[in-house]
Amino acid sequence: MSIPTALRNYRVAAWVTGIGLLVLVFVAMPLKYFFDTPGPVAVVGVTHGFLYMLYIVCTLILAERVRAKPLEALVVLLAGTVPIASFVAERAVTRRIRALHPA
């Protein structure tokens, strides 16, 4: 897999994971704890968990392709667990990789 393809896959995974986490934290969890509606947390939580696993795979593939340091890859992986952080990490990673590996 080429670096541009790995970067594209990572970017899509980062956005989808980030959106899923935002829905989980700011919609499903308030429904569960404030309105006693646990159904959305079950659905969105499992979906986010699956999407986060895809995010991990895409991040590790990209890190391997660009020979990123393990600590850098770990920080990017953890960004998928903090609301909004995956968007910030995606922009930083994209900017850095495009500067180092022009297409």
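Above this text you will find the structure in question.
Residues numbered from 1 in each chain as written. Predicted model: local features only at pLDDT ≥ 70, side-chain atom pairs only at ≥ 80, totals over all residues. Heavy atoms only, no water.

> Please explain a nonpolar patch on the surface as it appears in this structure.
Among the surface-exposed residues, W15, I19, V23, F26 and V27 lie close enough to one another that they form a single nonpolar patch of about 470 Å² accessible area. As for its placement among the helices and strands, V23 is situated in helix α1 (residues 3-35). A relative accessible area of 33% places V23 in the partly exposed class. (Patch = residues over 30% accessible without salt bridge, like charges linked within 9 Å, V, L, I, M, F, W, Y side chains within 5 Å. Areas by Shrake-Rupley, 256 points an atom, 1.4 Å probe, with all protein chains shown as cover. Salt bridge = Lys/Arg side-chain N within 4 Å of Asp/Glu carboxyl O. Helix = DSSP H or I, 4+ residues; strand = E, 2+ residues; numbered from the N terminus. Buried < 20%, exposed > 50% of the residue type's maximum accessible area, 1.4 Å probe, protein only.)

> Would you mind going over the packing of helix α3 (residues 70-79) against helix α4 (residues 85-100) with me for this structure?
The description of two helices packed together rests on the angle between their axes and the distance between the axes. Running from N to C, α3 and α4 cross one another at 145°; their axes reach a closest spacing of 8 Å. In this structure, α3 uses E72, V76 and A79 to contact α4, whose residues at the interface are A85, S86, A89, V93 and R96. The residue inventory of the contact of α3 with α4, partitioned by class, reads five nonpolar, one polar and two charged. (Axes fitted to C-alpha atoms, helices over the stretch in contact; angles between N-to-C directions. Contact = heavy atoms within 4.5 Å. Nonpolar A, V, L, I, M, F, W, Y, C, P; charged D, E, K, R; others polar.)

> Help me understand the layout of surface pockets, please; the structure alone is not making it clear to me.
The method is simple in principle: a probe with the dimensions of a water molecule rolls over the atoms, and the space it marks as empty is what remains. What the largest pocket holds in volume is close to 190 Å³. Together, 15 residues line the largest pocket, and E72, A73, V76, V93 and R96 are the ones closest to its centre. Elements with a minimum of two residues in the lining of the largest pocket: α2 (39-66), α3 and α4. The dominant element in the lining of the largest pocket, judged by the number of residues it contributes, is α4, at five residues. A class-by-class count of the residues in the lining of the largest pocket yields twelve nonpolar, one polar and two charged. (1 Å grid on protein atoms, 1.4 Å probe; cavity = no way out; pocket = protein on both sides within 12 Å on 5 of 7 lines; lining within 4 Å. Points joined across faces, edges and corners; volume = space filled by probe spheres on them.)

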